[in-house]
Amino acid sequence: MEILHQDIASIKKEINEFIHSWGEAWSPREKAPEFQRERFTPFYLQTDELLAFDFTDAQSRTVFKGAKIHADTWESFVRNFQYWTFTPVPESIQVYPHTDNAAVTLYVDNYGKTNNGKDGKEFRARAHATLLLEKHNGRWVIVHENIWGPVNE
């Protein structure tokens, strides 16, 4: 089905708003120790069909098959920090829309601090993300996520 030019612009706007909200959901800031999966789960397909290839470190799981393992892993990961943000880089967002699905590529800046004291360790990494989105019940959800980094250009 062919998409009209005005439809493309509308879809891209919707998806850009989705990406901004997705980043906010992943950014509890100083409330990272109490981070709850309910912040981010509305952005993902909540079935075993969700597939994500994500990085944390060399020892951690990187392939997540299903919404539960994805949520369990990331909720725990973010809670290890006293401060955490996950910020999509607006100028990097590229949307490849269709009527009820889309591909998105972008960079995200990750920042975390393990504690508020002077000896707190920081985590900084720009990562590349590729997302596949589908429209379910009138709203976009991520059905596949691939995030890796750090980005070295």
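Note that the structure is predicted; figures quoted are calculated from it, not measured. Every chain's residues receive numbers from 1 upward, in the order its sequence appears when written. With pLDDT at 70 or above as the cut-off, local features in this predicted model cover only qualifying residues; side-chain atom pairs require 80 or more to be listed or tallied, and sums for whole chains, interfaces and linings still use all residues. The side-chain numbers reported here are obtained from all heavy atoms of the structure, hydrogens and water having been left aside.

Visitor: Please explain the overall build of the protein as it appears in this structure.
Guide: Each helix is a run of DSSP H or I of at least 4 residues and each strand a run of E of at least 2, with the numbering of both proceeding from the N terminus. Each helix and strand in the protein was counted, giving two helices and seven strands. In sequence order, the protein lays out its α and β elements as α-β-β-α-β-β-β-β-β. For 153 residues, the compact-globule formula gives about 15 Å, and the C-alpha radius of gyration of the protein, at 16 Å, lands near that figure. Considered along the principal axes of its C-alpha atoms, the protein spans approximately 55 × 30 × 25 Å. Long-range pairs, those at least 24 residues apart, make up 56% of the contacts in the protein with a sequence separation of at least 6. The quantity called the radius of gyration is restricted to C-alpha atoms. Its globule counterpart is 2.2 Å times the number of residues to the power 0.38. Residue contacts are defined here by distance: any two heavy atoms, one from each residue, within 4.5 Å place the two residues in contact.

Visitor: Looking at this structure, I do not really get the packing of aromatic side chains. What am I missing?
Guide: Any pair of aromatic rings gets described here by the distance separating the centres and the angle formed by the planes. Any two rings among Phe, Tyr and Trp, with Trp reduced to its six-membered ring, count as a pair given centres within 6.5 Å; such a pair is stacked if its planes are under 30 degrees apart, edge-to-face if over 60, and tilted if neither. Within the structure shown, the criterion is met by 18 aromatic pairs. On the numbers, 5.0 Å between centres and 90° between planes, the contact of Trp-22 with Phe-86 is edge-to-face. Of this pair, Trp-22 sits in helix α1 (residues 5-25) while Phe-86 is found in strand β3 (residues 83-88), placing the two residues 64 residues apart along the sequence. Each member of the pair, Trp-22 as well as Phe-86, is classed as buried. Look at Phe-35 and Phe-40: their rings are 5.7 Å apart centre to centre, the planes differ by 15°, and that puts the pair in the stacked class. Think of it in three bands: with a 1.4 Å probe and only protein chains considered, a residue is buried below 20% of the maximum accessible area for its type, exposed above 50%, and partly exposed in between.

Visitor: Whenever I open this one, the pattern of salt bridges confuses me. Can you help?
Guide: In a structure, side chains of opposite charge can pair up when their charged atoms sit close to one another. Salt bridges, as used here, are contacts in which a Lys or Arg side-chain nitrogen is within 4 Å of a carboxyl oxygen on Asp or Glu. Under the counting rule described, the total for this entry stands at nine salt bridges. One salt bridge in this structure joins Arg-79 and Glu-75, with 3.6 Å as the shortest N-O distance. Residue Arg-79 and its partner Glu-75 are located together in helix α2 (residues 67-79), separated by four residues, close to a single helical turn. Looking at Glu-75, the relative accessible area reads 10%, which means it is buried.

Visitor: Looking at this model, I keep getting lost on the nonpolar core. Mind explaining?
Guide: As a rule of thumb, soluble globular proteins bury nonpolar side chains together. One finds Ile-15, Ile-19, Trp-22, Trp-26, Val-104 and Leu-106 to be the most contacted residues of the largest nonpolar core, which totals 38 residues. Not counting chain neighbours up to four residues away, the residues in contact with Ile-15 comprise Val-95, Ala-102, Val-104, Leu-133 and Trp-140. We call a set of buried Ala, Val, Leu, Ile, Met, Phe, Trp, Tyr and Cys residues a nonpolar core when their side-chain atoms join them within 4.5 Å.

Visitor: Help me understand the pairing of strand β7 (residues 139-148) in this model?
Guide: Every other side chain in a regular strand lies on the same face of the sheet, so the side chains alternate between the two faces. Of all ten residues making up β7, seven are buried, and the element is well covered by its neighbours. A strand pair is defined by DSSP finding two or more bridges across the two strands. Of the pairings in the sheet, the one linking strand β1 (residues 51-53) to β7 comprises three bridges and is parallel in character. Bridge pairing in β7 places Phe-53 opposite Asn-146.

Visitor: Help me out: how do you make sense of the side chain of Ser-27 in this one?
Guide: Mapping Ser-27 onto the fold places it in the loop between α1 and β1. Of the residues examined, Ser-27 reaches a relative accessible area of 4% and is grouped as buried. In this structure the side chain of Ser-27 is engaged in a polar contact, spanning 2.8 Å, whose partner is the backbone nitrogen of Phe-86. Ser-27 has contacts with Arg-39, Trp-84, Thr-85 and Phe-86, leaving out every residue within four places of it along the chain. Nitrogen and oxygen atoms within 3.5 Å of one another constitute a polar contact, given that in protein one can donate a hydrogen and the other can accept it, and given that sequence-neighbouring residues count only through two side-chain atoms.

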